[in-house]
Amino acid sequence: MLAFAGVSVAGMAQENESAAPELKHSVATNSFWSNWFVQANLAGSAFYSNQEMGYGFSKSPFKGFRNNLGFSVAVGKWFTPGIGLRTKFQGVWGRSIISENKSDNASKYWTLNEQVLFNLSNMICGYNPNRVWNLIPYAGAGIGRNMSYDRYAMDLNVGILNTFRLNEKFAINLDLSYQTFEGDFDGFEQNGPTAKGWPKSKDNIFSVEVGVTYNIGKSTWEKTPDVEALKALSQGQIDALNAQLADAQSENAKLKDMLANQKPAETKVVKEVVAAPVSVFFNIGKSKIASRKDLQNVQDLVEVAKANNSKIVVTGYADSKTGSANWNQKLSQKRAETVADEIVKMGVNRDNIEVVAAGGVDTLSPVSYNRRATVAIK
């Protein structure tokens, strides 16, 4: 189940950024210690046994001989906004349905299950940390023990967990579940006259639970930049650089023509080119370029620098919220060196490239924007 959850990161949703509607972001997985939660619930359960089938007992879950109160506790983790795992313990007062007499049916039991959670609200509508209601179907398997009759049995279970957000730490739970067990779980092996096939030949429990979820530590998700959207935002700057390069080439052509015809002319030298830095983004903790498409923008800036014989400054950054200061300093150096190596491949002498490691910063929001290297003309 852990492996299944780990490879399900492709199910992460996207949403628009309210501060900049033209930007879209995907949600990145957090560390192993993030997005844990614990739950505690009061449970009301109705029991249906295989040995009662054919005897005409009332099927109403509200009959006292059939229902009982209990509780459940659980601990779980969300691996993505849509996929999680939960370990759940449930019990303790149950029923073995052998008559319509409440006192005859009393028993004690517990179940322990591992369940895979699917947050459909995030998977279908996109991740929203402020959503009030989340619809979370789940499925799982586990083991149960009837303590009154000393019986163990395997079980399968499905359910729908509804959470209603109170704040970042707390939510109210409404959990509807169904469990099916081997036929002797309730302590009685015999089948009723009509206990043929599933579910009549099994012991079954329907439960309604109400309780509280508490989120441990970090409970939200970081956003990773959409590189294509960032590229679109900076396209105006790239166009301006191209226009500047065209003007410089046109001016050089005029000077050559004037010299060829021995016409006096004022020699113009481009001493400085002022251009906005171009960003190259990296994934968390990595010094490998996240998208090679970023290098297209770098190529345009490099051509301007080569045409004007300008030096290039590459500055590496890391986000200060991840890792130690020493680690971020080394990581920013590696990111800057990686981009500098790519610029050398574009025909720039390494002596004309200045590499700067800025370490961990928090100048941009969201925090993932700080995982980058910038390329600028000096």
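Details of the structure are given in the entry above.
So, a few notes on the structure that sits alongside this text. Not measured: the values here are computed from a predicted model.

### What about the pattern of salt bridges?
Piece 1. Here the structure, examined in full by the defined rule, presents 13 salt bridges.
Piece 2. The closest approach of N and O atoms between arginine 151 and glutamate 189, which form a salt bridge, is 3.6 Å. With arginine 151 in strand E8 (residues 151-165) and glutamate 189 in the loop between strand E9 (170-181) and strand E10 (203-216), this pair connects stretches of sequence that are 38 residues apart.
Piece 3. Exposure remark for arginine 151: the relative accessible area of 23% places this residue in the partly exposed category.
Piece 4. Via salt bridges that share partners, Arg86, Lys88, Asp175 and Glu209 belong to a single interconnected network.

### So, empty space enclosed by the protein
Piece 1. Evaluated as defined, the whole model comprises two cavities of 30 Å³ or more.
Piece 2. Taken as a whole, the largest cavity holds about 70 Å³ of empty space.
Piece 3. Along the walls of the largest cavity sit 13 residues, with Phe47, Arg95, Phe185, Asp186 and Ile205 positioned nearest its centre.
Piece 4. Elements with a minimum of two residues in the lining of the largest cavity: strand E3 (36-48), strand E5 (83-95), strand E6 (106-118) and E10.
Piece 5. Among the elements that make up the lining of the largest cavity, the one with the highest residue count is E10 (three residues).
Piece 6. The residue inventory of the lining of the largest cavity, partitioned by class, reads five nonpolar, five polar and three charged.
Piece 7. Taken as a whole, the second largest cavity holds about 50 Å³ of empty space.

Cut-offs and rules
- As a convention, each chain's residues are numbered from 1 in the sequence order in which they are written.
- Selection of residues for local features in this predicted model requires a pLDDT of at least 70, selection of side-chain atom pairs for listing and counting requires 80 or more, and totals for whole chains, interfaces and linings are taken over all residues.
- With hydrogens and water set aside, each side-chain value is computed from the structure's full complement of heavy atoms.
- Salt bridge, as used here, is a side-chain nitrogen of Lys or Arg placed within 4 Å of a carboxyl oxygen of Asp or Glu.
- Here a strand is any run of E in DSSP of at least two residues, a helix any run of H or I of at least four, and the numbering for each starts at the N terminus.
- Buried residues are those whose accessible area, probed at 1.4 Å on protein chains only, stays under 20% of the maximum for their type, while exposed residues exceed 50% and partly exposed ones sit between those limits.
- Only protein atoms enter the 1 Å grid used here. Points where a 1.4 Å probe fits but cannot escape make up a cavity, open sets with protein on both sides within 12 Å along at least five of seven lines make up a pocket, and a residue lines them when an atom lies within 4 Å of a point.
- Grid points are joined across faces, edges and corners, and a volume is the space filled by probe spheres set on the points.
- When residues are grouped by polarity, Ala, Val, Leu, Ile, Met, Phe, Trp, Tyr, Cys and Pro land in nonpolar, Asp, Glu, Lys and Arg in charged, and all others, Gly among them, in polar.

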